[in-house]
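Structure at a glance
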Amino acid sequence: MQAELEAQFQEFVRARWSRLVRTAYLLTGDAHHAEDLTQTALAKAYRSWRRIARSDSPEAYVRRMLVSCNSDRFRKRRVTEALTAAPPETPGRDEAVGQVEERGTLLAGLALLPAKQRAVVVLRYWEDLSEAEVAEVLGCSTGTVKSQASKGLAKLRTYPGLAREGRAVSGPGGGK
């Protein structure tokens, strides 16, 4: 049975690694911290995989662990973030220049949000979770999710480059 659980965990990691690292990157603003954060969350998940695998949504459970591990970084010691204005792009990506610039601008705007607002905005609009799902991941009420999302989006709308004529910021695709 242990071999079966280990194979199931390995498949989970292979299938979800990129998405978890992307989420961690949006939470931390640094590619190296994002990978470390993802590895930390997955190490904790591995120790409890028997229980996590039985849950309704193992991915949601691990995503919550990711957010918690990120919060723990700040609780354990005072961390000062030195987020860059433009994130490094991974080589080999074939995206239009405009999309890369918009992504960089969005990430720079996210970097200015407080950690809780950033987590809400990332989970709600980037990960496309419902308000109830975000509340469950963060361990707060849906009212808190709504207010933090509203405040976060309001701050993003004032960030240069995100609030252009005729284009309001309401999510990563602009459609929420």
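Going by the structure above, here's the rest.
Residues numbered from 1 in each chain as written. Predicted model: local features only at pLDDT ≥ 70, side-chain atom pairs only at ≥ 80, totals over all residues. Heavy atoms only, no water.

Describing helix H8 (residues 142–158)
- Across its 17 residues, H8 extends 25 Å between first and last C-alpha, which sits within 8% of the 24 Å expected from 1.5 Å per residue.
- Regarding H8, the residues found buried are Val-145, Gln-148, Ala-149, Gly-152, Leu-153 and Leu-156. For H8, the arc enclosing every buried residue in end-on projection is 130 degrees, short of the 170-degree limit, so these residues lie on one face. (Helix = DSSP H or I, 4+ residues; strand = E, 2+ residues; numbered from the N terminus. Expected span 1.5 Å × (residues − 1). Buried < 20%, exposed > 50% of the residue type's maximum accessible area, 1.4 Å probe, protein only. Arc of directions from axis to C-beta.)

Side note on the packing of aromatic side chains
- Evaluation of the coordinates by the stated rule reveals three aromatic pairs.
- When the ring of Phe-9 is compared with that of Trp-49, the centres are 5.1 Å apart and the planes differ by 70 degrees; the resulting orientation is edge-to-face. Here Phe-9 is found in helix H1 (residues 2–28), whereas its partner Trp-49 is found in helix H3 (residues 49–53), with 40 residues between them in sequence. In terms of burial, Phe-9 and Trp-49 fall into one category: buried.
- Site record: aromatic cluster; members linked through ring pairs are Phe-9, Phe-12, Tyr-46 and Trp-49.
- Taking the ring centre of Tyr-125 as reference, the NZ or CZ of Arg-124 above it sits at 5.5 Å. (Phe/Tyr/Trp six-rings, centres within 6.5 Å; stacked < 30°, edge-to-face > 60°. Lys NZ or Arg CZ within 6 Å of the ring centre and 35° of its normal.)

Focus on the nonpolar core
- In this structure, Trp-49, Val-62, Leu-110, Leu-123, Val-134, Leu-138 and Leu-156 are the most contacted members of the largest nonpolar core, which totals 42 residues.
- Listed by contribution, the elements that provide at least two residues to this core are H1, helix H2 (31–47), H3, helix H4 (58–76), helix H5 (97–111), helix H6 (115–126), helix H7 (131–138) and H8.
- The element best represented in this core is H1, accounting for nine residues.
- Those residues in contact with Val-62, other than ones at most four positions away along the chain, are Phe-12, Leu-20, Leu-42, Ala-45, Trp-49 and Ile-52. (Core = buried A, V, L, I, M, F, W, Y, C linked by side-chain atoms within 4.5 Å. Contact = heavy atoms within 4.5 Å.)

Here we look at the environment of Trp-49
- Under the relative-accessibility criterion, Trp-49 is labelled buried at 4%.
- Separated by 41 residues in sequence, Trp-49 and Gln-8 have C-alpha atoms that sit 9.1 Å apart.
- Setting aside chain neighbours within four positions, we find Trp-49 in contact with Leu-5, Gln-8, Phe-9, Phe-12, Pro-58 and Val-62.

Thoughts on the environment of Asn-70
- Position of Asn-70 relative to the elements: it lies in helix H4.
- Using a relative accessible area of 7% as the deciding quantity, one classes Asn-70 as buried.
- For the pair Asn-70 and Leu-37, spaced 33 residues apart in the sequence, the C-alpha separation amounts to 6.7 Å.
- Each residue touching Asn-70, except ones within four places of it in the same chain, is listed here: Leu-27, Thr-28 and Leu-37.

Side note on H2
- Over its 17 residues, H2 extends 25 Å from the first C-alpha to the last, a length consistent with the 24 Å expected when each residue adds 1.5 Å.
- Near the N-terminus of H2, the side chain that reaches the backbone nitrogen of His-32, with its oxygen 3.0 Å away, is that of Asp-30. (Polar contact = N/O pair within 3.5 Å; in protein donor to acceptor, adjacent residues only side chain to side chain.)

Here's the deal with the side chain of Arg-118
- On the secondary structure map, Arg-118 appears in helix H6.
- Polar contacts involving the side chain of Arg-118 include one to the main-chain carbonyl oxygen of Leu-113, which spans 3.2 Å.

A closer look at the pattern of salt bridges
- Scanning all chains against the criterion turns up six salt bridges.
- Among the ionic pairs, Arg-14 bridges to Glu-11, the shortest N-O distance being 3.4 Å. Residue Arg-14 and its partner Glu-11 are located together in helix H1, separated by three residues, close to a single helical turn.
- Judged by its relative accessible area of 59%, Arg-14 falls in the exposed class.
- Glu-11 sits in the partly exposed class, given a relative accessible area of 43%.
- Glu-59 is paired through a salt bridge with Arg-63; the nearest N and O atoms lie 3.4 Å apart. Here Glu-59 and its partner Arg-63 are both found in helix H4, four residues apart, which amounts to about one turn of the helix. (Salt bridge = Lys/Arg side-chain N within 4 Å of Asp/Glu carboxyl O.)

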